[in-house]
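Structural features, examined
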Amino acid sequence: DPGAWASPAARARFLADADPEILTGDPTSLGALCAPELRAAVHPRAIFSGAMALSAPLRADLEDAFGCPVFDVYGLHETRPIAVRRDDGPFRILPRRVVVEVLDRDGAPVPEGETGELTVTAGENPLLPLVRYRTGDFGRLVALPEGGLGIADLEGREHTRFRAADGTLVPCVDLTQQLQRHGARGWTVQQDAS
């Protein structure tokens, strides 16, 4: 948020002082780094993008601006990274204790290569074991030429947003952060026309 800085030059000074070797963020925050005054401030060796779909033009802009590889990561808060790619091809499923399935609307596996809902089983976190956790994301499993499985034609779930009293849309993560900041330990949110 440019308004969060004391002056426009403060962002560039902060980044130049840190000059991180690895940058992580979502496409929106990483795209902001392509501004000329910020482009010159950092010299990363790698960039990792997640949380939202990374477009091919933005990947190309980041690679051109910083001369380093850009990794597009697919994952969930509940599982952390599941798959990654460096181009517009399929996401390579990472060698972790996460099983990815593709299911139809009724929860049955779809035929090989067909599109359905991505579903994961993960046992790495003993406090949050997941068994056939439906992600809300869609894609299809494909065999990769170099071996292993990939996720092709990935379509992320719709973002959950709420409407504020003034009519603006509020991302669910912003609402969650406000509830946490004000001491809420758990909550359910329902919104209706009133």
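All values derive from a computational prediction rather than experimental measurement. Here the residue numbers are simple positions, counted from 1 along each chain's written sequence. Note on the predicted model: pLDDT of at least 70 is required for a residue's local features to be given, and 80 or more for side-chain atom pairs to be given and counted; whole-chain, interface and lining totals, by contrast, use all residues. Hydrogens and water molecules were not included; the side-chain quantities draw on all heavy atoms of the structure.

1. What about the overall build of the protein?
Here is the rule we go by: Comment: elements are numbered from the N terminus, with helices defined as DSSP H or I runs of at least four residues and strands as E runs of at least two. Two residues qualify as a contact provided that any one of their heavy atoms is within 4.5 Å of a heavy atom in the partner residue. Here, Shrake-Rupley sampling with a 1.4 Å probe gives the accessible areas, and only protein chains in the shown set may cover a residue. We treat Lys and Arg as the positive residues and Asp and Glu as the negative residues; His and chain ends play no part in the count. Here the site of a charge means atom NZ of a Lys, CZ of an Arg, CG of an Asp or CD of a Glu.
Secondary structure summary: the protein contains 5 helices and 11 strands in total. Summarising its shape, the C-alpha atoms of the protein cover approximately 55 × 50 × 30 Å along the three principal directions. Excluding contacts between residues fewer than 6 apart, the proportion of contacts in the protein whose partners are at least 24 apart in sequence is 38%. Roughly 12500 Å² of accessible area belongs to the protein as shown, and the carbon and sulfur atoms make up 54% of that amount. Side chains of the protein give 20 positive and 28 negative charges; the mean places of these two sets differ by 4 Å.

2. What to know about the packing of aromatic side chains
Spelled out, the test is: In this scheme Phe, Tyr and Trp rings, the latter by its six-membered ring, pair at centre separations within 6.5 Å, and the angle between planes marks the pair as stacked below 30 degrees, edge-to-face above 60, and tilted otherwise. Relative accessibility thresholds used throughout: buried, under 20% of the residue-type maximum; exposed, over 50%; partly exposed, between the two (1.4 Å probe, protein chains only).
In the structure shown here, the tally under the stated rule is 3 aromatic pairs. Between Trp 5 and Phe 14, the ring centres sit 5.5 Å apart and the planes meet at 45°, which makes this aromatic pair tilted. The class of Trp 5 is partly exposed, set by a relative accessible area of 32%. Pairing Phe 48 with Phe 71 gives two aromatic rings, centres 4.8 Å apart and planes at 15°, and the pair type is stacked. Linking Phe 48 in strand S2 (residues 46-49) with Phe 71 in strand S3 (residues 70-76), this pair joins segments that are 23 residues apart in sequence.

3. Considering the pairing of strand S7 (residues 116-122)
In regular strands, side chains alternate between the two faces of the sheet. Which entries qualify depends on this criterion: Note on pairing: DSSP must find at least two bridges between two strands before they are called paired.
Here S7 lies mainly inside the structure; 6 of its 7 residues are buried. With 6 bridges joining them, strand S6 (residues 98-103) and S7 adopt antiparallel strand pairing. Residue Val 99 lies in a different strand from S7, and its bridge partner there is Thr 121. Across 5 bridges, S7 lies against strand S8 (residues 130-143) in antiparallel orientation. Paired with Ala 122 across the bridge in S8 is Leu 130.

4. Details of the side chain of Arg 59
Inclusion rule: Residues adjacent in sequence count toward polar contacts only when both atoms are side-chain atoms; beyond that, a polar contact is any pair of N or O atoms within 3.5 Å, and within protein one must be able to donate a hydrogen and the other to accept it.
Considering the arrangement of structural elements, one finds Arg 59 in helix H4 (residues 56-66). A polar side-chain atom of Arg 59 sits 3.0 Å from the main-chain carbonyl oxygen of Asp 87. For Arg 59, the contacting residues outside a window of four places in its chain are Leu 54, Val 70, Asp 72, Arg 85, Arg 86, Asp 87 and Asp 88.

5. Let's talk about the pattern of salt bridges
How we decide: Salt bridges are defined as contacts in which a side-chain nitrogen from Lys or Arg sits within 4 Å of a carboxyl oxygen from Asp or Glu.
Counted under the stated rule, the structure contains 10 salt bridges. In this structure, Arg 59 and Asp 88 form a salt bridge, with 2.7 Å as the shortest nitrogen-oxygen distance. With a gap of 29 residues between them, Arg 59 in helix H4 and Asp 88 in the loop between strand S4 (80-85) and strand S5 (91-93) connect regions that are remote in the sequence. For Arg 59, a relative accessible area of 4% puts it in the buried group. Via salt bridges that share partners, Arg 59, Asp 72, Arg 85 and Asp 88 belong to a single interconnected network.

6. Remarks on H4
As a reminder of what qualifies: This arc is built from the directions going out from the helix axis to the C-beta atoms.
Of all the positions in H4, only Leu 58, Arg 59, Leu 62, Ala 65 and Phe 66 are classed as buried. Projection of H4 onto a plane perpendicular to its axis shows the buried side chains occupying an angular sector of 135°, all on one side. Exposed residues lying more than 90 degrees from the buried face of H4 are Pro 57 and Asp 64. Looking at the packing, one finds that the buried side of H4 touches helix H2 (27-32), helix H3 (36-39), S2, S3 and S4. The opening residue of H4 is Ser 55, an N-cap whose side-chain oxygen sits 3.2 Å from the backbone nitrogen of Leu 58. Just downstream of H4, Gly 67 is the residue with a positive phi angle, here 60°.

7. Notes on helix H1 (residues 8-18)
For H1, every residue scored as buried is listed here: Ala 10, Arg 11, Ala 12 and Leu 15. Those residues of H1 that are buried lie in contact with H3. Directly after H1, the chain includes Asp 19, whose backbone phi takes a positive value near 35°.

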